[in-house]
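The lines below spell out each chain.
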Amino acid sequence: MWIYLAVFLAALAVDLIPVIAPPAWTLMVFFLVKFQLNPWAVLVVGVSGSTLGRYLFSLYVPQIAHLLIKPRKRRLAPATC
């Protein structure tokens, strides 16, 4: 069962990284083939980790962007819908 936790954490970690990283599905396929896991369980656990990772990513990126982007550039940016 610990390997499914590793799938979850790997998918979570990949989607938390704000730089170029491999897609979560490649890690899920790696774990699936390497450890001969149940494909449906890997899918559910991996997608859950990936979804949580993307959600957390969307929460912390605005704070980081606020620190990195100068106020003048933020004022000139076009408004988004």
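Values in this document were obtained by computation on a predicted structure and should not be read as measured data. (Residues numbered from 1 in each chain as written. Predicted model: local features only at pLDDT ≥ 70, side-chain atom pairs only at ≥ 80, totals over all residues. Heavy atoms only, no water.)

1. Points about the overall build of the protein
We apply this condition: Labels follow the DSSP assignment, with helices taken as runs of H or I lasting at least four residues and strands as runs of E lasting at least two, numbered in each case from the N terminus. Classification of residues uses two cut-offs on accessible area relative to the type maximum, computed with a 1.4 Å probe and protein chains only: under 20% is buried, over 50% is exposed, and between them is partly exposed. In this analysis, two residues are considered to be in contact whenever any of their non-hydrogen atoms come within 4.5 Å of each other.
In terms of helices and strands, the protein carries 4 helices and 0 strands. Each helix and strand of the protein, placed in order from N terminus to C terminus, yields the pattern α-α-α-α. Burial status across the protein gives 21% buried among its 81 residues. Taking the intrachain contacts of the protein between residues at least 6 apart in sequence as the baseline, contacts between residues at least 24 apart amount to 66%.

2. Some thoughts on a nonpolar patch on the surface
How we decide: Here the term patch refers to residues with relative accessible area over 30% and no salt bridge, with like charges joined within 9 Å and nonpolar side chains (Val, Leu, Ile, Met, Phe, Trp, Tyr) within 5 Å. Each accessible area is a Shrake-Rupley result for a 1.4 Å probe, and residues are judged covered by the shown protein chains and nothing else. Salt bridge, as applied in this entry: a Lys or Arg side-chain nitrogen positioned within 4 Å of an Asp or Glu carboxyl oxygen.
A surface patch of nonpolar side chains, about 350 Å² in accessible area, is lined by Leu52, Tyr55, Leu56 and Leu59. If you trace the backbone, Leu56 turns up in helix H3 (residues 39–68).

3. Regarding H3
Convention followed: An expected span of 1.5 Å times one less than the residue number is assigned to each helix. To obtain the bend at a residue, axes are fitted to the seven residues ending there and to the seven starting there, and the angle between these axes is taken. Polar contacts here mean pairs of N or O atoms no more than 3.5 Å apart (in protein, one a potential hydrogen donor and the other a potential acceptor; neighbouring residues in sequence count only if both atoms are side-chain atoms).
In a regular helix each residue adds 1.5 Å, so 30 residues correspond to 44 Å; H3 covers 41 Å between its end C-alpha atoms and thus fits that length. Along its length, H3 reaches its greatest deviation from straightness, about 30°, at Tyr60, and the proline Pro62 lies no more than four positions downstream. Listed in full, the buried residues belonging to H3 are Val42, Gly46, Gly49, Ser50 and Gly53. The opening residue of H3 is Asn38, an N-cap whose side-chain oxygen sits 3.1 Å from the backbone nitrogen of Trp40.

4. Notes on the nonpolar core
Quick reminder of the rule: By nonpolar core we mean a set of buried residues, namely Ala, Val, Leu, Ile, Met, Phe, Trp, Tyr and Cys, connected to one another through side-chain atoms within 4.5 Å.
Counting 8 residues, the largest nonpolar core is built from Ile3, Tyr4, Val7, Ala10, Met28, Phe31, Leu37 and Val42. Looking at this core element by element, the count peaks at 4 residues for helix H1 (residues 2–16). In this view, Ala10 contacts Leu27 and Phe31; residues no more than four positions away in its chain are not counted.

5. Comments concerning the packing of aromatic side chains
As a reminder of what qualifies: Here a pair means two rings of Phe, Tyr or Trp (six-membered ring of Trp) with centres within 6.5 Å. Their orientation is stacked below 30 degrees between planes, edge-to-face above 60, and tilted elsewhere.
Counting across every chain of the model gives 4 aromatic pairs. Through successive ring pairs, a cluster of aromatic residues spans Trp2, Phe30, Phe31 and Phe35.

6. Topic: unusual backbone geometry
A positive phi is found at Gln36, a non-glycine position, where the angle reads about 50°. If you trace the backbone, Gln36 turns up in the loop between helix H2 (24–35) and H3. For Gln36, a relative accessible area of 72% puts it in the exposed group.

7. Quick notes on H2
Note the cut-off: Regarding the arc, it is the one traced by the directions from the helix axis to the C-beta atoms.
Across its 12 residues, H2 extends 17 Å between first and last C-alpha, which sits within 8% of the 16 Å expected from 1.5 Å per residue. Taken as a whole, H2 has its buried residues at Ala24, Met28 and Phe31. The arc that holds every buried residue of H2, seen down its axis, measures 65°, which confines them to one face. Residues Trp25, Val33 and Lys34 are exposed on H2 and point more than 90 degrees away from its buried face. Positive backbone phi, at 50°, marks Gln36, one or two positions downstream of H2.

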